[in-house]
Amino acid sequence: MASPAGPLPGQSALPDSGPAHDGGLLGGAIAGDLPTYFWYAVPGVLAVAMLFGLEGTMLAITTDAKNAITDRLRSLPISGAAVPAGRCLADMAASLLALATTCTAGLLMGWRPGSWTGLVEAALVLLAFRFALLWLGLFAGLRATSPEVVVAVQILVWPISMLSSVFVDPATMPRWLGAVAEWNPLSAAANAVRELTGSPTFTSTTWAGQHAVMLSLVTSGVVTAVFAPLAVRAYRNLDA
């Protein structure tokens, strides 16, 4: 791993990634010194915080869709987008609190962003990522046949988070696995945070690794543009 902004305060030059290791997903995760890895991992943990809890949104909207309260709300003279949007905004407030709590924990443990402006920009990138995931979750929850189906989605959180650059430098994975990890949208979000906060990152030769901020924002925009209308339509057509 290497920092785009040079060595961290009080640290010597960061070690290079070194040769690739055939260690599967774990690769050479803890290679190098612990402080360097800690500064690498904190932005990844912030990104993962935006991924967790998505199944709760899906479960809530699926459960509500099966209750009489939903029929009552749909009979009122309000926009069909009001209820899904309200659920999304409520969950965004909870996501903001989760992000602030996780970030505070990192700061208390010694992590420092390169600038507070960069930290705010990184937070906006992460919240845009979360906003997009919530619309995806709302659509999937409205299309689910039962709450039990939604519970199974929790299993997917771990493979998505592990098959990324959140905790591990993709260069230490087998080549094909590293390529998949670099294009993971969660990796783009984590790498964007590293870039904006001046945290250590890995050396990448791929477009995804070199344009993490752009990739994360574009991905979030596309997912929102696709799934927000689909979620609203699914809510309007619950009885169809």
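Structure first, text after, so check above.
Remember, predicted model here, so these are calculated numbers, not experimental data.

Okay, the overall build of the chain next. The secondary structure content of the chain amounts to eleven helices and zero strands. For the chain, the N- to C-terminal ordering of α and β elements is α-α-α-α-α-α-α-α-α-α-α. Burial analysis of the chain (240 residues in total) assigns 43% to the buried set. Long-range contacts, defined as pairs at least 24 residues apart, comprise 81% of the intrachain contacts of the chain with a sequence gap of at least 6.

Locating aspartate 91 in the fold gives a position in helix α4 (residues 82–108). Sequence-distant contacts of aspartate 91, defined by excluding residues within four places in its chain, comprise Thr57 and Leu134.

Glancing now at the packing of α4 against helix α5 (residues 116–143). Remark: α4 packs on α5, axes separated minimally by 10 Å, with the N-to-C direction vectors making an angle of 140°. Relative to α5, α4 is oriented oblique. The way α4 lies across α5 gives a crossing that is right-handed. On α5, the residues touching Pro84, Ala85, Arg87, Cys88, Asp91, Met92, Ser95, Leu96, Leu99, Cys103 and Leu107 of α4 are Trp116, Leu119, Ala123, Leu126, Leu127, Arg130, Phe131, Leu134, Trp135 and Leu138. A class-by-class count of the residues in the contact of α4 with α5 yields 17 nonpolar, one polar and three charged.

The rules behind these values
Residues numbered from 1 in each chain as written. Predicted model: local features only at pLDDT ≥ 70, side-chain atom pairs only at ≥ 80, totals over all residues. Heavy atoms only, no water. Helix = DSSP H or I, 4+ residues; strand = E, 2+ residues; numbered from the N terminus. Buried < 20%, exposed > 50% of the residue type's maximum accessible area, 1.4 Å probe, protein only. Contact = heavy atoms within 4.5 Å. Axes fitted to C-alpha atoms, helices over the stretch in contact; angles between N-to-C directions. Parallel < 35°, antiparallel > 145°, perpendicular 65-115°, else oblique. Left-handed = near helix turned anticlockwise from the far one by under 90°. Nonpolar A, V, L, I, M, F, W, Y, C, P; charged D, E, K, R; others polar.

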